[in-house]
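Residue-level listing of the chains:
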Amino acid sequence: MKSIEGMVEKYQKRLLRDDEDVDAVAYSVVNSFTRDQCLGLLNELTDEELHQIVALFVMDKVKAILINADEEIEGDGSGFLH
């Protein structure tokens, strides 16, 4: 993905190579993309890369739903988690 490689080249000397720096730059760059630009990036992916991204998205959503459900259970005062 040439655009990602270009981003890394541009910010390589500024990144400390820790997760927070990489996350901040990635989110900042992606948030500036239009929907069409995002879809263009996805079209550049191999099938395996696309499956990995979709799997990460689904896992993140499932975790968010489960965390939300746990908070609702804990907030009902029953003391039961299941």
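Treat the numbers as computed from the prediction; the structure is a model and nothing was measured.

**Points about the overall build of the chain**
When its secondary structure is counted, the chain shows four helices and zero strands. Counting over 82 residues, the chain shows a buried share of 7%. Carbon and sulfur atoms form 57% of the exposed surface of the chain, whose accessible area is close to 7,500 Å².

**Section: the confidence of the model for the chain**
Detailed reading of the predicted coordinates is not advisable wherever pLDDT is low. On average, residues of the chain score 81 in pLDDT, and 79% of them are at 70 or above. Looking at the elements of the chain, mean pLDDT is at its lowest for helix α1 (residues 2-11), recorded as 74, and at its highest for helix α3 (residues 35-44), recorded as 93.

**Notes on a nonpolar patch on the surface**
Nonpolar side chains collect at one region of the surface, where L39, L42, L50, I53, V54, F57, V58, V62 and L66 lie side by side and expose about 730 Å² of accessible area between them. At the level of secondary structure, the elements contributing two or more residues to the nonpolar patch comprise α3 and α4 (47-75). No other element matches α4, which puts seven residues into the nonpolar patch. Considering the arrangement of structural elements, one finds L66 in helix α4.

**Describing the layout of surface pockets**
By volume, the largest pocket amounts to about 790 Å³. Lining the largest pocket are 20 residues, with Y27, V30, L41, L42 and I53 positioned closest to its centre. Going through the elements one at a time, α1, α2 (19-31), α3 and α4 are the ones with two or more residues in the lining of the largest pocket. Among the elements that make up the lining of the largest pocket, the one with the highest residue count is α4 (six residues). Considering only residue class, the lining of the largest pocket consists of 17 nonpolar, no polar and three charged.

**Points about the environment of V8**
Topologically, V8 is positioned in helix α1. Overall, V8 belongs to the partly exposed group, its relative accessible area being 40%. Separated by 18 residues in sequence, V8 and A26 place their C-alpha atoms 9.6 Å apart.

What counts, and at which threshold
Residues numbered from 1 in each chain as written. Predicted model: local features only at pLDDT ≥ 70, side-chain atom pairs only at ≥ 80, totals over all residues. Heavy atoms only, no water. Helix = DSSP H or I, 4+ residues; strand = E, 2+ residues; numbered from the N terminus. Buried < 20%, exposed > 50% of the residue type's maximum accessible area, 1.4 Å probe, protein only. Areas by Shrake-Rupley, 256 points an atom, 1.4 Å probe, with all protein chains shown as cover. pLDDT = per-residue confidence, 0-100. Patch = residues over 30% accessible without salt bridge, like charges linked within 9 Å, V, L, I, M, F, W, Y side chains within 5 Å. Salt bridge = Lys/Arg side-chain N within 4 Å of Asp/Glu carboxyl O. 1 Å grid on protein atoms, 1.4 Å probe; cavity = no way out; pocket = protein on both sides within 12 Å on 5 of 7 lines; lining within 4 Å. Points joined across faces, edges and corners; volume = space filled by probe spheres on them. Nonpolar A, V, L, I, M, F, W, Y, C, P; charged D, E, K, R; others polar.

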